[in-house]
Structure formats: structure tokens, C-alpha cells
Amino acid sequence: MTESVQSFSSPEMVTSLRTHVCGELRASHAGETVRLGGWVHRSRDLGGLVFIDLRDRSGLVQLSFGPAWSSADAIAAAAAVGVESVVLVEGIVVERTEAQRNSDMATGDVDVQVTSVRVVGPAETPAFPVAPAKSDKLPSEELRLRHRYLDLRRSELQRSLMLRHRLMQSTRRFLDARGFLELETPILTKPTPEGARDYLVPSRVHAGEFYALPQSPQIYKQLFMCAGYDRYFQIARCFRDEDLRADRQPEFTQIDIEASFVGQEDILSVAEQLIRELWGTAGVPAQSPFPRMTYAHAMEHYGCDRPDLRYDLQLHDMTSVFATSDLPFLQAAIARGERVRGLRVPGGGTMSRKQTDELEQLAKGAGASGLLVIKCTTEGLDGKVAKSLAAGAGDALGLNAGDLGLYVTGADHFASPALDRIRQSVAQRLQLIPQNTHAFVIVTDFPMFERDPVTGVLGAVHHPFTAPHPDDISLLGSTPERARALAYDIVYDGLELGGGSIRISDPALQARIFSLLGIDDATANARFGFLLEALRSGAPPHGGIAFGLDRIAMLLSGATSLRDVIAFPKTTAARALFEGAPSPVPPDDLAELSLRVANRSEVVA
């Protein structure tokens, strides 16, 4: 807050209507005549003596109206003005006595004794209080989003958005100092049916043809590299028409970076330095260097590619131990080549049957057939499954008295997500995550491809422009699903902050990757012909990374939702409640675009 107040109250920001901002006034200003403008935050009429807390984005200051320094008209106006009205005042800064000081306000050592007041923006009664009592709950999010202009007046949101501003400026300064050029890419682009669904924009000039809003600037930043711009960045708006979750928005902002004549370590070095810079901007330490972990290790020991390393609950393969069981379902699963993996929860034996049943439902919700639960007491292993194991199984499982063992049997693509959810849930239930502790990790060596479990068709794990690991080129002709990519993610407390890769700069290799993905030459040229032409014109080795600015701002501001760090967000139903978008379009407007809505009455209804 201090930084934003200092910049806002610089001499260049003084206007004919105000000399200071509310939050900057201190005892050092005592005796000065000031002009202020702001919103009425609270008011108190003590019968001839009126106090108003005046608010602007810099903070609050108390105004006082009394017969010794204010006119009768000014006192009457102050007594009558409603909360959230905008006023202009002039007065003298007065230092409070020791007994009158308010340590809860940054300006609590002073009052402004108002000599004149003018109501310039009278306000109707707001839909909800912008300054609720500390004991009051916030109104519903739907109501706050409907009246977003009111919600944006809350100090919590203002602090978050001002932090977002500082993060953006820090990004620009950091990258500019390292030779990166801030370059813009198109918003109206060519539809590329890769990844999520595109938002389509009809062309009025070219009937029946459409633009798309960009899911990312991926192809354009590669074109910049082919054009010799060497280092690019952009704070880019991106759009994806996908099912929404609490941490997703249909339009979002990413810090997009690309550089030429680089390898993976060059990109990761810049990315790590930028993260330290952004965390420092927010006053949060970021210890470096960040630990590294391969994708294979992450999936094997944490069940996901974004492991939360703040707590040490690792997964282990216990197939050999459970192979001693005489339970038919275990024997059959192991005979099919399935594994039994799980984790030891120190002290987890205190969990109730109800709690372990809830964990089993989590596992089933992630695709597992069930959950094997073993408790270790002072008398040994407890439970039906435990009794079916060979003697000494407790030692083999690493269980001590008071511990809990949780295991899943099945193919890895079912077991890993189930164990990931169990691991996270156990850590939260048993409060294993230390407060004020954070953990970064860089995950590398992602697979190049993945096969659809039903159709067996190959798909790109990241995108089709990611370069394969040079040691795995030979696998492309035989077992491409085993090939690793030069792709990487930066993870923080189990959340992906950003990801990227080294790109394919060889047009022949790019054509080969397209072929493996089932994209023939004609389709490749139709979708990506301009990129292929650029690669054939001489392309340097290049790569990049993109960070989710919204998520970074959310984490560093302490917000619990992306909607709290985006000025005008959409709901989880992709609606902008404050403006009523999306909305129907008149038939004449559609006709001008050569469009017609089928069954319009049903759609509108």
C-alpha cells in the first residue's frame, strides 16, 4: 500500500480539486490546509459534531465538522450526506491528542478539520455495505458480481488489483533490462482446433468466415523468433471456451516469454529469476535455486505432475508385499500386471472409520476401484487386508504403531490421480501443511505424447510445437509414447504457475510430429501453413514459457479466488453479471453477419 500511495501522491498527480490523497496524511502534515476528494466510508453525527471517514484508493482519513471551524451549512451537509457519496472538502490537518489516536488507521494520528464541503456525487443506498462491520459476512458473490463497481471499492480488492499492477510493472522492468521486447500479437486470429475450444468471431466482410480469439500467442511468438527479434514478451490476453472451475476464467492473462538461441536451462534461469522478482515485489521470500524433479519421478512418488512439497507424504510401490495376500481380487489384479501403490501416514491411525470411508470415496471418484486401509497398532497390523498378508508385512510396508497405510491397486492412470487426491486430503485433514511455508519445484522431462485409453490415438501432452528430447528421437519411429519432451513446468505449493518448452525449429521434424499426431500435410498446411513457411525460411533454436498472471496475483495477495484479482471476472457459468453478458443479438445484426440462430425462442428461453 505504501508504494501505491507514494506514487499516487507525487506532485505530478496534484490537481485543481485536491492537494493530497486520504491515506498519506500524517502528523507531519499538521497545520497544512489540504483539499481532498473521496467517498464517504462511514459517518457519525454526535449532535453538532460530525465525523466522516473519507476513503480513496490510498486509504482512510477522519474528517471532523464542528462549530468552531465549520460553517453551519457544512455541518448540515455532513450530517445529511449518505455513505458512498463523493465529496470534495477543504480543511486543516490537526494532530490528535494521545488519547484520541487510532492505531487501526494509518492516518490515525490526525484529523482534517473541514472548513468547506461539496457533495459532487450523491449516492443512493448501496446494494450492500462497502464497509461492513468486522463481524459481518460478505454478501453473496453473485450479488457482489452484479454490483461489481461497489465490490471494487472494498479495500481487499483494491489492494489485490494494485498488487497486480505492481507485478505487471515489475515484469516489464525485469524483462526490459534483459533485452526482451514487449511486442503485441493479434486478438483476431485463425481458428486452430488444438487444445480447448476457440471463441469464434464472425466476419461481416467475409460472409461465412470466422476469426478466433487466441488461446495463446504461441504461433505468433515463434514467428517473432523466425523474424529475428530474438527476445519477446507480452502480458497477453488469452481466451478459452472450456468448462469452468474455481481457478479458471474464459479470458485470462499470461506473462508470455520467448527467446532465441537458447536451451532449456536458459529459459528456466530467466523464469526462476522472474519469479524471485515478482515474489519480492509482493514482499514474499522465494528461496532459490528451485529443486528439480522429472515428470516420471513426480508421477511415481506424488501421483501428479504438480506435486506439493510442503509435506512429505510420498507414494511407494508395495506390489511385492501385497503379492503375499491370499485375497482373490489382489491376486487377480497383480496377475494382470497392475501395481499396488500407496503411502504411509505417520500418526494417521487416529483417523476414524468414517474418515477413511470418505477417503475411499475420493479414490473412487478419481477412478480407482477402492482403497486398501491398514492401521498399525501396538499389537500389529489391523484389518482384513492386513491379516491376509505374510508375517512381517508391517516392517515391509514401513508402518509403525499409530501409523496408517493407504493403498490403491490398478493401472497407473487410475491409481495415480486417486492417490494424489488422497495425499492432499490427508495432509489437510491432519494439518500436515506447515503454516507460512511454501515450496517451489521445477518439473522437467514431460512425455511428448499420450495415448487415448479408449481409441489409442496419440495426442500431444503440451502442444504439437514442442521439441522432443534429443536422446529420444529414435523412439519416434517405434514407441513414440515413450519419448520425452523438452517441456517444463514451475510448480508452487501444488499449483502450476507456468509452463513452456523448447520448440521445434526444424521443419522436417515438425512435419514428422504432425504425422504422428494424425495431421496430414494438407491439414497441417491449412492450419499451420504460415508457421511452416516461417520455419522453412530459417529458424533459430528457440523456446519459451508462459506464467498465469491471474494465479500469481491470487497467490501473492492471499485471495482465495481468481475473481478477486480480476477487475471484471465471469462467473463459473461464464456470465458477466454486472453487464448482463452474454446476451441475445437482434436478428438484423445477425443477418449482417450472415448468421441465423436456430430455434431462437428456445435459445432465449
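Residues numbered from 1 in each chain as written. Predicted model: local features only at pLDDT ≥ 70, side-chain atom pairs only at ≥ 80, totals over all residues. Heavy atoms only, no water.

## So, the sheet that holds strand 14 (residues 372-377)
Here we have 5 strands laid out as an open sheet, ordered 12-13-16-14-15, and antiparallel in their pairing. Where the open sheet ends on each side, the last strands, each with one partner, are strand 12 (316-317) and strand 15 (380-382). The sheet contact formed by strand 12 and strand 13 (residues 339-345) spans 2 bridges and is antiparallel. Note that in strand 13 the partner of Asp 317 across the bridge is Arg 341. (Pairing = 2+ DSSP bridges. Helix = DSSP H or I, 4+ residues; strand = E, 2+ residues; numbered from the N terminus.)

## With respect to the confidence of the model for the protein chain
Caution applies to low-pLDDT parts of the model: their predicted coordinates are not meant to be read in detail. Residues of the protein chain with pLDDT of at least 70 account for 96%, and the chain-wide mean is 93. This stretch, residues 1-6, has a pLDDT under 50; its non-local contacts, to residues over four places away or in other chains, come to 13 contacts. (pLDDT = per-residue confidence, 0-100. Contact = heavy atoms within 4.5 Å.)

## Considering the sheet that holds strand 11 (residues 292-294)
Pairing is mixed across the open sheet formed by 8 strands, whose spatial order is 6-9-10-22-21-20-17-11. Strand pairing shows two members of the sheet lacking a second neighbour, strand 6 (181-182) and strand 11, which therefore form its edges. Taken together, the 2 bridges between strand 6 and strand 9 (residues 231-239) define a ladder with parallel strand orientation. From the neighbouring strand, Leu 181 faces strand 9, where its bridge partner is Tyr 232. Docked against the sheet, helix 5 (residues 155-177) engages strand 6, strand 9 and strand 10 (251-260), running at close to 150 degrees with respect to strand 9. Packing against the sheet, helix 7 (residues 264-281) makes contact with strand 10, strand 11, strand 17 (440-444), strand 20 (487-492), strand 21 (495-502) and strand 22 (542-548), and its axis sits at approximately 25 degrees to strand 22. (Axes fitted to C-alpha atoms, helices over the stretch in contact; angles between N-to-C directions.)

## Some details on empty space enclosed by the protein
Scanning the entire structure with this criterion turns up 2 cavities of 30 Å³ or more. Taken as a whole, the second largest cavity encloses approximately 30 Å³ of empty space. At the level of secondary structure, the elements contributing two or more residues to the lining of the second largest cavity comprise helix 3 (141-146) and helix 4 (148-151). In terms of residue count, helix 3 provides more of the lining of the second largest cavity than any other element does, 3 residues in total. Across the lining of the second largest cavity, the residue classes break down as 1 nonpolar, no polar and 6 charged. (1 Å grid on protein atoms, 1.4 Å probe; cavity = no way out; pocket = protein on both sides within 12 Å on 5 of 7 lines; lining within 4 Å. Points joined across faces, edges and corners; volume = space filled by probe spheres on them. Nonpolar A, V, L, I, M, F, W, Y, C, P; charged D, E, K, R; others polar.)

## Re the environment of Ala 30
As for its placement among the helices and strands, Ala 30 is situated in the loop between helix 1 (2-8) and strand 1 (33-45). Ala 30 gets classed as partly exposed once you look at its relative accessible area, which sits at 35%. In the structure, Ala 30 is positioned 64 residues away from Val 94 in sequence and 5.0 Å away in space, judged by C-alpha atoms. Ignoring any residue separated from it by four or fewer positions in sequence, one finds Ala 30 in contact with Val 93 and Glu 95. (Buried < 20%, exposed > 50% of the residue type's maximum accessible area, 1.4 Å probe, protein only.)

## Considerations on helix 15 (residues 507-516)
Buried within helix 15 are the following residues: Leu 509, Gln 510, Ile 513 and Phe 514. One side of helix 15 carries all its buried residues, which in axial view fall inside an arc of 145 degrees. Pointing more than 90 degrees away from the buried face of helix 15 are the exposed residues Ala 508 and Ser 515. Where helix 15 is buried, its residues meet strand 18 (449-451) and helix 16 (521-536). (Arc of directions from axis to C-beta.)

## Thoughts on the packing of helix 15 against helix 16
For the pair helix 15 and helix 16, interaxial distance at closest approach is 10 Å and the crossing angle is 160 degrees. When the axis of helix 15 is compared with that of helix 16, the two are roughly antiparallel. The handedness of the crossing between helix 15 and helix 16 comes out as right-handed. For the pair helix 15 and helix 16, the contacting residues are Pro 507, Gln 510 and Phe 514 in the first and Ala 524, Phe 528, Leu 532, Leu 535 and Arg 536 in the second. A breakdown of the residues in the contact of helix 15 with helix 16 according to their chemical character gives 6 nonpolar, 1 polar and 1 charged. (Parallel < 35°, antiparallel > 145°, perpendicular 65-115°, else oblique. Left-handed = near helix turned anticlockwise from the far one by under 90°.)

## Structural notes on the nonpolar core
Membership of the largest hydrophobic core comes to 71 residues, with the highest contact counts inside it found for Trp 279, Phe 440, Leu 497, Phe 547 and Ile 552. If you tally residues by element for this core, the top one is helix 7, at 8 residues. Other than its neighbours up to four places away in sequence, Phe 440 contacts Ile 275, Trp 279, Ala 286, Phe 290, Pro 291, Leu 309, Ile 490, Val 491, Tyr 492 and Leu 497. Of all hydrophobic cores here, the second largest spans 21 residues; its members include Leu 25, Leu 54, Val 87 and Val 89. (Core = buried A, V, L, I, M, F, W, Y, C linked by side-chain atoms within 4.5 Å.)

## Topic: the pattern of salt bridges
This structure, assessed with the given rule, holds 39 salt bridges. Ionic pairing is found between Glu 84 and Arg 153, a salt bridge with its closest N-O pair at 2.8 Å. You can see Glu 84 sitting in the loop between helix 2 (72-80) and strand 4 (86-95) and its partner Arg 153 sitting in the loop between helix 4 and helix 5, a full 69 residues away along the chain. Measuring nitrogen to oxygen at the nearest pair gives 4.0 Å for the salt bridge that ties Lys 364 to Glu 360. With Lys 364 and Glu 360 both in helix 11 (residues 353-365) and 4 residues apart, this pair spans about one turn of that helix. For Glu 360, a relative accessible area of 22% puts it in the partly exposed group. When salt bridges that share partners are traced, they join Arg 144, Arg 148, Asp 151, Arg 154 and Glu 156 into one network. (Salt bridge = Lys/Arg side-chain N within 4 Å of Asp/Glu carboxyl O.)

## Some points on the side chain of Arg 55
Following the sequence through the fold, Arg 55 ends up in strand 2 (residues 50-56). For Arg 55, a relative accessible area of 5% gives the class buried. A polar contact of 2.8 Å, which involves the side chain of Arg 55, links it to the side chain of His 41. There is a polar contact of 2.8 Å between the side chain of Arg 55 and the side chain of Glu 84. Look past the residues within four positions of Arg 55 in its chain and what remains in contact with it is Cys 22, Gly 38, Trp 39, His 41, Leu 60, Glu 84, Val 130 and Arg 153. (Polar contact = N/O pair within 3.5 Å; in protein donor to acceptor, adjacent residues only side chain to side chain.)

## Some details on the pairing of strand 14
Each regular strand shows side chains that alternate between the opposite faces of the sheet. Because side chains alternate across strand 14, one face comprises the buried residues Leu 372, Ile 374 and Cys 376, and the other comprises Val 373, Lys 375 and Thr 377, none of which is buried. Of the pairings in the sheet, the one linking strand 14 to strand 16 (residues 404-410) comprises 4 bridges and is antiparallel in character. In the strand pairing of strand 16, Val 373 is matched with Leu 406. Relative to strand 15, strand 14 runs antiparallel, the two sharing 3 bridges. Its bridge partner being in strand 15, Thr 377 is matched across the sheet by Gly 380. In this structure, the hairpin formed by strand 14 and strand 15 is closed by a connection of 2 residues.

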